[in-house]
Structure formats: C-alpha cells, structure tokens
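Tertiary structure, described
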Amino acid sequence: AGAASSACLSDARGAVAVVRARAAGMSGFKDTFTKSSETDDLLGYDDAAFYYFASSVLVTLAVPWTYYFVKGTLFGGPGEPQDVPGKSKSGSTQVTCKTSTMVNKLEEEGKKGGQRSCGVGWWFQLVVLAAMWFSIYFVFTQMGVEEVMGFNPFKILEVEATASAADIKKAYRKMSLVYHPDKNTNDPAAASVFIQITKAYNALTDPVAKANYEKYGNPDGPQMTKVGIGLPKFLLEKGNHLKILAAFFFLLLFVIPTTAICYYQRTKNYAANGVLIETLQFMEHYITESTRVKNGAELLAASAESRNMPTRMDDQPAMTKLKSQVDQHMKPKFPNHPAIVKNSILLMAHMQRLHELMTPELRSDLNELLKHSSKITQAMIEYACARDWFHTATSMIDFKRSLVQALDVKSHQLLQIPHFDEEILRHCMRGKNATATLTGFLSKPAEERKGLKGLTPEQILDIEAFALHLSSVEMMAEISVEDESEVVVGDIATVTVQMKRTNLRENEAAGPVHAPFFPEAKYEEWWLFLTEPSPGNKVIAMERVRDADQFVETKLRFQVLGKPGKRKLELHAWNDSYVGIDKKLELTLDVLEENESKREIFIHKEDEELDLIPTLFQQLMGDFGQLDEDSEDEHEPDDSKAGKAGKAGAEEAKAKANGAKEEKAGAADDGDEESDAEDEAKAKGKGKGKDGDASSGSSSDSD
C-alpha cells in the first residue's frame, strides 16, 4: 500500500509538472508574438529594419531639399534677378540687356540676394539639413553593423554552421537546461527562448523541419509575407510609453492645429492672384470706365498693401521737400490719409525721376511699394478686362509700364533710351531726320541718329545694347472657324495670332527688360485685345501672353453674334514694359446667315454603327423595362390572367376561323377555275369531233 501510494504521488507530481510545462509553453508562445514583457531584450528585437526605413525617408527628403537650397543660395530663387541668365519654359536661353546700368544692377542685386539668403530662414534650413545629413551618416554606419534578423538555428543554438550532430545535440541539451520552463517558472521570456531553441534543434535534426528550413527559411514551412514600418526599439520600451504618448498628443493636438491656424490666418486675406482681398474690394468700388493713367498713382497708394506700410515721423521734412518738387496732375481724393498721401507722392516722384531728392528710408519704402505694384496693377488690368472697359484696361497697362520705366504721364517715350534727357530729346525732335517715336529712332542707322554728339563712346554703346535688346515684334493674325471654310452667325471663331521677335535668334528668349529704376527684374508681357470699332471699343476677346520665346502663337476665341455681313475688327497688342512698341492690326470678317451656307455633314460609317448601339442608359432602361413587365405579370391576379388567357384564346380561334374561310374561298376559286378549264376542253373536243366525223366518221373516239 505504501509503494502504491508513493507511485500515485509520483504520477501526480509528474502530471503537475507536465501541466506546468504546457502552461509555461503557452505563456512563452504568447510573449513571443506580443512582446509585452519587460525582459523583451532577450528576444532580440530587431533595430536594423528601422535603419533601412529611416535611411530611405531621410534620403528622399534631404537630396531634393539640399539641391534647391544650394541652387537658391548660389543663383537665387525663382523670379529673382540673380536667376538670369536662365532658361525659358521651352528651354531657350534668356538674353539679358548689356547696358552698363543693367549690368551693375544685376551685380548689386546678386550681392543683395546673397545677403538676403543668410537670414533666419536660411540658417534654419542649414541647421535642419545638417542634422538630416548627420542622421543619414549615422544610419548608414549602423546598417553595416546590424543586420536584419531572421531565423538562424545555428545562431540560436550558439554553434558553428559546420557543427556536427553531436555538437548540436549537446548545445541543445545545455541551453534547454538553462531555459527550461520548469526551472524558470516566473520568467515567461525563458519559455519563449526555449521554444526558439526547440525549433532550432528540430530544424537541424528533424528531416521535415530541416527540409522546410532549407527551402523556405522556416522549419514550419512557407509563411505569409507581412509588410510594415520599421520602428526603432525605444518605442517599445515600457519606460518610454508615457513620453511617446505625450509627444504624440502634443504634435497632434497643438503643433498641427497651430500650424494650420497660422497658415490660414496668413492666407485668408489674400486672393488667388496674391493681392489682398481688401485691395480687390477697393478696386471694385473706385475703378470706373473713366479711370485713366493719372489716377493710377493714388489708386496704388490707396491699396491695402500700401496702407499697411509703416509711416515714420522723421520722414516729414524730406516728404515736404519732395512734395514741393512733384507735379501733381489732379486733386487727390484721399488728402487726409497720411499713408496714401505719402505713397502717392513717392510714386509720382518715381515717375518724374526725382530719386536724388529721396532719403535712403524713402527710397526703401518706394522699392517695397514698387514690388507690390506688379501684382496690384495686374489685378487692375484684369478687373477692367472683366468689365469690357478697353480704354481703362489700356490705361492701367500704360500706368504699369510707366512705373517700370519711370515715366510720367506727359513724359516722352524716347526717355526710355539710356542717358537720354530733355536736352537730347529736343535735338532729336527738330531739324532734318527728326523723329518722335522710339521705334523710329532705333530703326535708323547709328550715324543718322540725332542728339548723340555730346555722349561718350560708352554711352553710345549702351544705346546700341538697348536697341538690340528692345523687342521688335512682327505680328500676323487670321480669323477662321475650325473645320469650316465660311463663318456663320453663331459660330465659335478663332483668331490665330503669331508673334515673332526679330531681335532674337533661334533658341533665344527675351530676358528681363531694361528698367534701371525698377527694384527687381521685370519680364515683358503682351496683352492682346480683339475689339470692334465703336464709341466704346467693346472688348470681344482678350489674352495675356507671357511666353518670351522668339516665336509665339496664341489663339483668341469668340462667338460670332449680331447681324450677318462684313465686319471690321481690330487686334491690339500692348506691351506692359515699354512705351511705343504696341501693335495694331485690322481684320475683316465676312459673316453669313445660316441659310446662305451649305454645310455638308459627313458621318463616318463607324459613327453610324455606333449610333445603332444602345447606350448604357438605354440598356439599363431596357433591362428594367423587361423586369417591370415580368414583375407586373407576377403580381397580376389569377382572374386577370385567366381573362387575358381567354382573350388570347378567342383571338387565336378567330384567327383560325378567318384562315379557314380564306382557305374555303381559295378552294372555291380553284374549283371555278377548274370548271372553266373543263368547259373549254369540252368545247374544243366537240369542234374536233365534227371535223373527225367529216374526215373519218369516228365521233365516239373523239368523245
């Protein structure tokens, strides 16, 4: 009895050990895949995947950012003067003006651009890029040290790849004694390691597991591929969970909303063209059909961008002196607003070339105002075009180029030529070979140009460089209707305009215009207006041409309305950078009525076949109709179905009766025809019988 009880006790202890081992094994399996234990380091969490992921992200961001940073530092940003000579959108080389003033201006702007590039934003980008490249270097060095972990049974058992079966078995026994669950009851990580040891041993000893490992890299056979983001190891450490969660909520709830709100606050007041919405509202109220060039300076000074510029009390003496020298062409509308009065005086002084009377502070304010003028005057032109005010639109273009060339309302266009003043202007406009236009003066040979005797050779070279750089445009236009030879009322007509700059060669593009008084580089633009001669010159179509290549082609489309007959249209091409090089063409349009033009509509055979194919909607409606009919049949009561069946049977019986009558009538007709044939045969037989009796006397045979 004692022996039996001892045996039962030993069996119970063994069962408890087995259950404990199984429980420990299940706990270890769970910890292997959840990695929730504090001793996660024993599982060897893989950091190498994070290095590959981080390197790809950092390189993707750092390379293009560094390229544009270096390009902006050395050559300037887009649109800045140091960005020239550059390339146009089509790849043509931009040609810059070679006058001494423009060359010096570009050099000074290049120096200023280098100084501006070393601001707070430049240093911030430099620090961030340096940190990114240092991180890339660190990640690449770590990628060479750590490798992406996989299932390696030799590494798990801590044996060489050339180890014998005995060595493998010995290593397995040794490690299993250390990490066995029975000896590590309170350490679930040990059970996880024990499972790995068992798998590694089976992969090297069991034939099936070994074959799976050699073929698939895993003793359990093929596994599903999982794609994820390689996260760093410190994110899974329990001590960092609170910090990471706090940082996440700080980024999600504070940084991102703050950035979005700041961006919205900065951009909500601006329209799509970069002008303040308040300025556009002001233009809508004050720009009218009678607005002209003389109103431009005060309108620009009254814009929101101008009114937001700071005013200084120290500028009052200099402004008083400058105001006494400025010629104001009209009574101001806003005489009580200090910022508007100051900026309008600065603009008029700029247009009258009184820059020597300005202090450095006033000159800086003027340059800032002129930089705003490009977008604001652009908005003025667009607003006038939207209202079909041709004269207002052209006046705003004239005001814009007056700002670019520093010309007053009454200034002569020859003052755009370098080193020209009022005295040289008087010589050019009197006597033999006198000229009053810019193109007329520059088209003459150098020896026939008047007023150049007192100039130095360097100044004369500047004039020649200006003449070579000034755009000389040849323009051609043609009106047509696509795929038609005639124009009918209601058609959409197309005006194809071709412009060629004869001063440029092939693969060249016009660079910044000659504008020594304008603070930044200005590229010329052309405004095309198609108008019908009338008291108001109504704008039929308009187009803005910004292409600076040698050959430019653009199209203006409009609908032909009104009465048929011959019409005269005018095509105006206005340049927004130079005065005196505008173009004008007269076009003739012969409009027919719809009944006067015979237009053949040719339909391809394939199109006819396509017309026979039902559309998707028709197919769906057809299917739905069939389904509706079937559903109606299903929902009809038995009485109605029986009634319909009875009606159908009656109609079928009636049709059969009619068919029988027709058959009888046909049979009767056939009988009548047969009886008529028999009568004719008897009559013929009798005749033959008489003849037979006379000849042979055998009437019975004839019958």
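All figures in this text were calculated on a predicted structure; none of them were measured in a lab.

Counting its regular elements, the chain contains 23 helices and 10 strands. Pairs at least 24 residues apart make up 68% of the contacts formed inside the chain by residues separated by at least 6 positions. Carbon and sulfur atoms make up 56% of the accessible area of the chain, which amounts to about 44100 Å² in all.

Our focus in this paragraph is helix 6 (residues 165-179). Over its 15 residues, helix 6 runs 21 Å from end to end, which matches the ideal 21 Å to within 8%, given 1.5 Å per residue. Residues Ile168, Ala171, Tyr172, Met175 and Ser176 constitute the buried set of helix 6. The buried residues of helix 6 occupy an angular sector of 130° when projected down its axis, which confines them to one face. For helix 6, the exposed residues set more than 90 degrees away from the buried face come down to Ala166, Lys170, Lys174 and Leu177.

Looking now at the sheet that holds strand 4 (residues 492-501). If you trace the three strands from one edge of the open sheet to the other, you get 2-4-8, paired in antiparallel fashion. Looking along the sheet, the strands with just one partner apiece sit at the ends: strand 2 (473-480) and strand 8 (551-559). Recorded for the sheet is a direction-independent mean angle of 20° between the axes of neighbouring strands. As defined by bridge partners, strand 4 adjoins strand 8 across nine bridges and the pair is classed as antiparallel.

Together, Leu245, Phe248, Phe249, Leu251, Leu252, Leu253 and Ile256 line one region of the surface with nonpolar side chains, adding up to about 670 Å² of accessible area. Mapped onto the elements of the fold, Phe248 is located in helix 9 (residues 241-267). The class for Phe248 is partly exposed, based on a relative accessible area of 46%.

Reading across the sheet, the five strands line up as 3-10-9-6-7 and stay open at both edges, with mixed pairing between neighbours. Every other strand in the sheet has two partners, leaving strand 3 (487-488) and strand 7 (538-545) as the edge strands with one partner each. Where strand 6 (residues 526-532) and strand 7 come together, seven bridges link them in antiparallel fashion. Bridging across to strand 7, Leu530 finds its partner in Ala541. Its contacts with the sheet place helix 15 (residues 360-386) against strand 6 and strand 7, and it is angled at close to 15° to strand 6. Helix 16 (residues 390-405) contacts strand 6, strand 7 and strand 9 (565-575) of the sheet and is inclined by roughly 20° relative to strand 9.

One finds Leu347, Ile417, Phe420, Phe529 and Phe558 to be the most contacted residues of the largest nonpolar core, which totals 94 residues. Of all the elements, helix 15 adds the most residues to this core, at 11 residues. Phe154, Met175, Ile197 and Leu204 belong to the second-largest nonpolar core, a separate cluster that totals 13 residues.

What follows concerns the packing of aromatic side chains. As enumerated under the stated definition, the model contains 15 aromatic pairs in all. With a centroid separation of 6.1 Å and an interplanar angle of 80°, the aromatic rings of Tyr383 and Trp389 are classed as edge-to-face. The buried category is assigned to Trp389, whose relative accessible area is 14%. Feature note: the residues Phe69, Trp122 and Trp123 constitute an aromatic cluster, connected by ring pairs.

Moving on, we get to the confidence of the model for the chain. Averaged over the chain, the pLDDT score is 79; the fraction of residues at 70 or greater is 76%. A low-confidence stretch, residues 680-703 (pLDDT under 50), is modelled with six contacts involving residues beyond four sequence positions or located in other chains.

Viewed as axis vectors pointing N to C, helix 10 (residues 277-286) and helix 15 meet at an angle of 45°, and their least axial separation amounts to 11 Å. Our classification of the angle between helix 10 and helix 15 gives oblique. Considering the relative orientation of helix 10 and helix 15, their crossing is right-handed. Residues Thr279, Leu280, Met283 and Glu284 of helix 10 lie in contact with helix 15, whose contacting residues are Ile376, Ala379, Met380 and Tyr383. Residues that form the contact of helix 10 with helix 15 fall into these classes: six nonpolar, one polar and one charged.

Reading the values: rules and limits
Residues numbered from 1 in each chain as written. Predicted model: local features only at pLDDT ≥ 70, side-chain atom pairs only at ≥ 80, totals over all residues. Heavy atoms only, no water. Helix = DSSP H or I, 4+ residues; strand = E, 2+ residues; numbered from the N terminus. Contact = heavy atoms within 4.5 Å. Areas by Shrake-Rupley, 256 points an atom, 1.4 Å probe, with all protein chains shown as cover. Expected span 1.5 Å × (residues − 1). Buried < 20%, exposed > 50% of the residue type's maximum accessible area, 1.4 Å probe, protein only. Arc of directions from axis to C-beta. Pairing = 2+ DSSP bridges. Axes fitted to C-alpha atoms, helices over the stretch in contact; angles between N-to-C directions. Patch = residues over 30% accessible without salt bridge, like charges linked within 9 Å, V, L, I, M, F, W, Y side chains within 5 Å. Salt bridge = Lys/Arg side-chain N within 4 Å of Asp/Glu carboxyl O. Core = buried A, V, L, I, M, F, W, Y, C linked by side-chain atoms within 4.5 Å. Phe/Tyr/Trp six-rings, centres within 6.5 Å; stacked < 30°, edge-to-face > 60°. pLDDT = per-residue confidence, 0-100. Parallel < 35°, antiparallel > 145°, perpendicular 65-115°, else oblique. Left-handed = near helix turned anticlockwise from the far one by under 90°. Nonpolar A, V, L, I, M, F, W, Y, C, P; charged D, E, K, R; others polar.

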